[in-house]
Amino acid sequence: MARRLVWFEPPEKALADPVRFLAYAFARATHEEMKALRVYVDDADLREALDHAPPGVIDPRSWAYWNLRLGRYPAPPMPRRLFG
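Now for a look at the structure at hand. (Residues numbered from 1 in each chain as written. Predicted model: local features only at pLDDT ≥ 70, side-chain atom pairs only at ≥ 80, totals over all residues. Heavy atoms only, no water.)

1. A few points about the packing of aromatic side chains
Thought 1: In this structure the tally under the stated criterion is 4 aromatic pairs.
Thought 2: Measuring from ring centre to ring centre gives 5.4 Å for tryptophan 7 and phenylalanine 8, while their planes differ by 90°; the resulting arrangement is edge-to-face.
Thought 3: Exposure remark for tryptophan 7: the relative accessible area of 63% places this residue in the exposed category.
Thought 4: Looking at phenylalanine 8, the relative accessible area reads 39%, which means it is partly exposed.
Thought 5: Ring plane angle 45° and centroid distance 5.3 Å describe the contact between phenylalanine 26 and tryptophan 66, whose orientation is recorded as tilted. One end of the pair, phenylalanine 26, is in helix H3 (residues 18–28); the other, tryptophan 66, is in helix H6 (residues 60–69), and 40 residues separate them in sequence. Both residues of the pair, phenylalanine 26 and tryptophan 66, belong to the buried class.
Thought 6: In this structure an aromatic cluster arises from ring pairing among Trp7, Phe8 and Tyr24. (Phe/Tyr/Trp six-rings, centres within 6.5 Å; stacked < 30°, edge-to-face > 60°. Buried < 20%, exposed > 50% of the residue type's maximum accessible area, 1.4 Å probe, protein only. Helix = DSSP H or I, 4+ residues; strand = E, 2+ residues; numbered from the N terminus.)

Right, here's the structure in full:
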């Protein structure tokens with residue numbers, strides 16, 4: 001799954017940062033892949049991943065969906081890149 005979700009780097013590197021990996025999962029995982037991940041992570045883990053997601057990984061639709069799914073409505077602002 002890591003190879004497909006974070007296709008541009010080795011799975012070992014993708015899995016080394018769980019928050020970043022989950023951010024890619026929020027944006028790219030299928031329903032079946034998320035079901036498989038949920039065996040290993042609970043709602044608290046997912047909330048932490050959303051709270052610390054790197055900017056530019058999760059698209060607005062996925063951001064809204066996962067925040068709603070985890071009981072956050074309205075969703076907080078998406079992560080933003082800060083320059084300067």
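2. Details of the environment of alanine 44
Thought 1: Its place among the elements puts alanine 44 in helix H5 (residues 43–51).
Thought 2: By relative accessible area, which is 47% here, alanine 44 ends up partly exposed.
Thought 3: For the pair alanine 44 and leucine 70, spaced 26 residues apart in sequence, the C-alpha separation works out to 8.9 Å.

3. Let's talk about the nonpolar core
Thought 1: By size, the foremost hydrophobic cluster in this structure holds 23 residues, and its most contacted members are Phe21, Leu22, Phe26, Leu46, Leu50 and Ile58.
Thought 2: The leading source of residues in this core is H3, at 7 residues.
Thought 3: Apart from residues lying up to four places away in sequence, isoleucine 58 is in contact with Ala23, Phe26, Ala27, Leu50, Ala53, Trp63 and Met78. (Core = buried A, V, L, I, M, F, W, Y, C linked by side-chain atoms within 4.5 Å. Contact = heavy atoms within 4.5 Å.)

4. Some details on H5
Thought 1: If you check which residues of H5 are buried, you get Leu46, Ala49 and Leu50. One side of H5 carries all its buried residues, which in axial view fall inside an arc of 100°.
Thought 2: Packed against the buried residues of H5 are H3 and H6.
Thought 3: Looking at where H5 begins, the residue whose side-chain oxygen comes 3.2 Å from the main-chain nitrogen of alanine 44 is aspartate 42. (Arc of directions from axis to C-beta. Polar contact = N/O pair within 3.5 Å; in protein donor to acceptor, adjacent residues only side chain to side chain.)

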